[in-house]
Amino acid sequence: MPCPLESTILITGGAGFIGSNYLWHLNKHHPNAKLVNLDSLTYCGNLANLEGLKNNYTFIKGNICDSQLVNKIFEDHQPNIIVNFAAESHVDRSILDPQLFLKTNIIGTQVLLDAAKKHMRDGLFLQVSTDEVYGSLGPEGCFTEESALKPNSPYSASKTSADLIAYAYYKTYGLPVIITRCSNNYGPYQFPEKLIPLMINNILQLKKLPVYGDGKNVRDWLYVEDHCKAITQVIEKGTPGQIYNIGGHNEMQNIAIVKLLIDKISQLLQEESYAKLANPDKINYDLIDFVKDRPGHDKRYAIDPTKIENEIGWTPETTFEQGIVKTIKWYLDNLKWSQNIINGEYKNYYQNMYGK
Ligand SMILES: NC(=O)c1ccc[n+]([C@@H]2O[C@H](COP(=O)([O-])OP(=O)(O)OC[C@H]3O[C@@H](n4cnc5c(N)ncnc54)[C@H](O)[C@@H]3O)[C@@H](O)[C@H]2O)c1
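Described in the following lines is the structure provided in the data block. (Residues numbered from 1 in each chain as written. Predicted model: local features only at pLDDT ≥ 70, side-chain atom pairs only at ≥ 80, totals over all residues.)

### Comments concerning the overall build of the protein
Phase 1 of the analysis: Assigned secondary structure in the protein consists of twelve helices and twelve strands.
Phase 2 of the analysis: Its C-alpha atoms give the protein a radius of gyration of 20 Å, within 12% of the compact-globule value 21 Å for 356 residues.
Phase 3 of the analysis: Taken along its principal axes, the extent of the C-alpha atoms in the protein is 60 × 45 × 40 Å.
Phase 4 of the analysis: For the protein, the residues scored as buried account for 46% of the 356 residues in total.
Phase 5 of the analysis: Of all intrachain contacts in the protein linking residues separated by at least 6 positions in sequence, the fraction that spans at least 24 positions is 81%. (Helix = DSSP H or I, 4+ residues; strand = E, 2+ residues; numbered from the N terminus. Rg over C-alpha atoms; globule rule 2.2 N^0.38 Å. Buried ≥ 20, exposed ≤ 12 C-beta atoms within 10 Å, placed from the backbone. Contact = placed C-beta atoms within 7 Å.)

### Things to note about the packing of helix α6 (residues 195-204) against helix α8 (residues 254-268)
Phase 1 of the analysis: Here α6 crosses α8 at 40°, and the two axes come no closer than 10 Å. Put simply, α6 runs oblique to α8. The handedness of the crossing between α6 and α8 is right-handed. Along its contact with α6, which presents L195, I196, M199, I200 and I203, the element α8 presents N254, I257, V258, L261, I262 and I265.
Phase 2 of the analysis: The residue makeup of the contact of α6 with α8, split by class, is ten nonpolar, one polar and no charged. (Axes fitted to C-alpha atoms, helices over the stretch in contact; angles between N-to-C directions. Parallel < 35°, antiparallel > 145°, perpendicular 65-115°, else oblique. Left-handed = near helix turned anticlockwise from the far one by under 90°. Nonpolar A, V, L, I, M, F, W, Y, C, P; charged D, E, K, R; others polar.)

### Observations regarding unusual backbone geometry
Phase 1 of the analysis: Its identity as a non-glycine residue notwithstanding, L41 has a phi of 55°, on the positive side.
Phase 2 of the analysis: Within the secondary structure, L41 is located in the loop between β2 (34-39) and β3 (57-61).
Phase 3 of the analysis: The phi dihedral of Y189 is positive, around 70°, even though this residue is not glycine.
Phase 4 of the analysis: On the basis of neighbour count, Y189 is assigned to the buried category, with 23 C-beta atoms found within 10 Å.

### Here's the deal with the nonpolar core
Phase 1 of the analysis: Ranked by size, the top nonpolar core spans 88 residues in total, and within it I11, Y22, V83, L126, M199, I200 and L261 carry the most contacts.
Phase 2 of the analysis: The dominant element in this core, judged by the number of residues it contributes, is α6, at seven residues.
Phase 3 of the analysis: Leave out the neighbours within four places in its chain, and Y22 touches I11, V83, F85, C228 and I231. (Core = buried A, V, L, I, M, F, W, Y, C linked by C-beta atoms within 7 Å.)

### As for the site of the ligand
Phase 1 of the analysis: Close to the ligand lie 30 residues; G13, G16, F17, G45 and A87 are nearest.
Phase 2 of the analysis: Taken together, the elements giving at least two residues each to the shell around the ligand come down to α1 (17-29), α4 (98-119), β5 (124-130) and β7 (184-186).
Phase 3 of the analysis: The biggest single contributor to the shell around the ligand is α1, with three residues.
Phase 4 of the analysis: Residue composition of the shell around the ligand, by class: 13 nonpolar, 14 polar and three charged. (Near = placed C-beta within 6 Å.)

### Re the sheet that holds strand β6 (residues 177-182)
Phase 1 of the analysis: Strand order in the open sheet formed by seven strands is β3-β2-β1-β4-β5-β6-β10, and the pairing between neighbours is parallel. With one partner strand each, in any of the chains shown, β3 and β10 (243-246) form the two edges of the open sheet. Each strand axis lies, on average, 20° off the axis of its neighbour in the sheet, ignoring direction. (Pairing = 2+ DSSP bridges.)

### Details of the pairing of strand β9 (residues 218-223)
Phase 1 of the analysis: The buried fraction of β9 amounts to five of the six residues, a majority that puts the element mostly inside the structure.
Phase 2 of the analysis: With three bridges joining them, β7 and β9 adopt parallel strand pairing. Looking at the pairing, N185 lines up with L222 of β9.
Phase 3 of the analysis: Here β9 runs beside strand β11 (residues 251-253); their pairing, made up of three bridges, is antiparallel. Bridged to D220 within β11 is E251.

### Re the sheet that holds β9
Phase 1 of the analysis: The strand order β7-β9-β11 describes an open sheet built from three strands, whose pairing is mixed. Of all strands in the sheet, those with a lone pairing partner are β7 and β11, marking the two edges. Adjacent strand axes in the sheet meet at a mean angle of 50°, parallel and antiparallel pairs treated alike.

Okay, here's the thing in structure tokens:
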């Protein structure tokens with residue numbers, strides 16, 4: 001059942017990293033779509049990500065767990081596509097406060113599903129999930145949609161539960177639900193506690209670069225714009241009740257990423273337009289600081305995206321080499337964006353967690 005994007009789309013968590021990129025993506029490629037963004041603006045929700053967004057756009061500040069509000073949004077706006085990005089998304093924080101993750105990621109999803117069941121006619125509920133639901137891999141093999149669900153962190157356990165409840169709404173009530181499970185994203189507007197923006201900001205400030213354990217944990221990286229394109233194509237061509245893995249064919253060890261960022265930033269700082277940002281002579285591998293490993297740290301994730309490639313026709317377009325340079329340049333060109341976060345309300349937390 002093709003689901004046209006020129007309709008009313010409820011995006012939850014649209015002020016976060018992937019959600020804001022997705023709103024920009026829709027704004028550019030589907031300007032006739034009516035966009036409604038429901039976001040409670042937690043520490044990582046940032047309306048600065050959406051400055052300048054226009055065309056049929058409504059922002060509603062609110063919590064996806066608030067059933068009254070969610071039902072009112074469905075009554076007022078009658079969305080026929082829901083893309084649920086809203087989540088507590090940081091594994092480290094889930095280790096400190098699991099309950100918040102269960103509330104937002106599980107109960108919030110169930111509240112949205114319930115409202116969709118009650119109000120939505122002929123539409124689609126897309127649950128944005130993660131490869132972390134499959135747990136950790138050994139040195140060989142990739143996760144397929146058939147892989148067992150073996151989440152290890154409170155974050156991934158909450159996302160797995162959300163997937164299961166979303167699927168139950170499909171099976172039990174016939175709600176048209178699709179689940180996408182994506183690998184690690186990188187790109188503009190990512191909150192600076194996540195690996196790539198954290199390292200870029202620390203490198204520019206000549207701060208230590210904290211790397212968990214031996215740095216050999218492997219993640220499969222995807223440029224966020226490619227993720228956005230995948231979501232759009234799944235909405236257009238996907239089959240309700242199906243799960244689609246989304247991955248970039250791009251496995252990298254954390255330590256390799258950190259070294260690459262050091263190399264690329266040093267090179268870029270030689271360019272006249274960036275020369276004033278930092279002294280490249282002081283940027284070297286000595287900044288790397290191996291710190292105590294994260295408890296339950298998954299060793300390796302890798303996605304087999306054969307299903308989405310064959311059934312939907314999506315493939316990643318941006319190589320890691322291209323994507324990482326675009327990403328670094330975005331952070332260099334938008335230093336204020338990061339600085340406002342690092343020096344704002346987030347300052348104390350950032351300093352305790354990631355060094356002075
Ligand atoms: N970042 C990744 O690499 C990645 C990879 C795979 C899947 N995902 C999934 O994609 C989604 C988006 O991830 P992200 O990296 O953009 O996260 P993010 O943390 O940057 O953004 C989450 C957004 O959700 C909002 N939010 C949180 N709790 C809310 C609530 N109770 N009600 C309403 N809004 C709320 C926040 O304010 C924020 O704007 C998540 O569901 C995540 O599990 C992320």
